[in-house]
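Spelled out, the chains give:
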Amino acid sequence: MVNYSFSLITFEYFLLILVRISCFVFVAPFFEMQNTPGKVKIGVSVFISLLLFQLVPKESLGYTGIVGYSIIVLKEGITGLLIGFAANICNSIILLAGNLMDMNLGFSMAQEYNPQMKTQASVSANLYSYLVLLLLVVTNMHHYLLRAVADSYQLIPVNGQVFQWDHLLSGMITYMIDLFVIAFRIILPIFACLMILNCILGIMAKVSPQMNMFAVGMQLKILLGLLVMFITIELFINVSDFIFDEMKRTIVSMIKGMYES
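Calculation rules
Residues numbered from 1 in each chain as written. Predicted model: local features only at pLDDT ≥ 70, side-chain atom pairs only at ≥ 80, totals over all residues. Heavy atoms only, no water. 1 Å grid on protein atoms, 1.4 Å probe; cavity = no way out; pocket = protein on both sides within 12 Å on 5 of 7 lines; lining within 4 Å. Points joined across faces, edges and corners; volume = space filled by probe spheres on them. Helix = DSSP H or I, 4+ residues; strand = E, 2+ residues; numbered from the N terminus. Buried < 20%, exposed > 50% of the residue type's maximum accessible area, 1.4 Å probe, protein only. Contact = heavy atoms within 4.5 Å. Axes fitted to C-alpha atoms, helices over the stretch in contact; angles between N-to-C directions. Parallel < 35°, antiparallel > 145°, perpendicular 65-115°, else oblique. Left-handed = near helix turned anticlockwise from the far one by under 90°.

Approximately 260 Å³ is the volume found for the largest pocket. Along the walls of the largest pocket sit 15 residues, with R185, I186, P189, L235 and V239 positioned nearest its centre. Looking at the lining of the largest pocket, the elements that each hand over two or more residues are α7 (165–207), α8 (213–232) and α9 (236–256). The dominant element in the lining of the largest pocket, judged by the number of residues it contributes, is α7, at five residues.

In this section: the side chain of T250. By the element assignment, T250 lies in helix α9. Among the residues examined, T250 registers a relative accessible area of 1% and is labelled buried. Sequence-distant contacts of T250, defined by excluding residues within four places in its chain, comprise A86, I89 and Y175.

Between helix α3 (residues 65–87) and α9, the least distance of the axes is 8 Å, while the angle of their chain directions is 160 degrees. The orientation of α3 with respect to α9, classified from their angle, is roughly antiparallel. The handedness of the crossing between α3 and α9 comes out as right-handed. Along the contact surface, α3 presents L82, I83, A86 and A87, while α9 presents M247, T250, I251, M254 and I255.

Listed below in structure tokens is the structure:
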């Protein structure tokens, strides 16, 4: 039987744990979807915080007054947000790749609401986003995310953050570089096939000027793009593995920037 007893000091610790976990749930993939009820998010945050409350060592916080406690709350919130933001790179990569793909296919005029990023996204971006979300659940990556935020207390205890801004800045720069590189690698087959098709249409426009290449090219681009997407969809598992490896590397980089080794 589990017996929870709270005093003023332990309840302060529980609130700080809850702040880090709830900030992580607010931005992490799979957990932060807007169509997920708010009561479920609150329940998950409180339940995980109760589990971690028995494991986290309760040391003296060493603050004075409400201002000192508020600073600790802010630091815990930033820690949870950075870990969740690092995990959210999978959604950013897929949405960027889908938007770039639809700009070439002509699907960018049709926009849909994406409940994960809370913005308008193209059709292909939504399709690949849900595929990555499905693979994230199937491969138990959501378990890895929960273990990552739980294990962060071993390296970054409550009120133990040492923000190394140079390391965090380099991690953010690497995040942005990898975001564009991986997204372009995903759309490279479609981009290459459409470039070849544009070259062929340009040559045909010179050979037979009486043909309306604009009207013909739109249908050919859509058909060729859908065909390439159908052929390369089986490679999406390898793409998701590469994205999840990048997610792990980014999470480790962010955590390393918040403690003194």
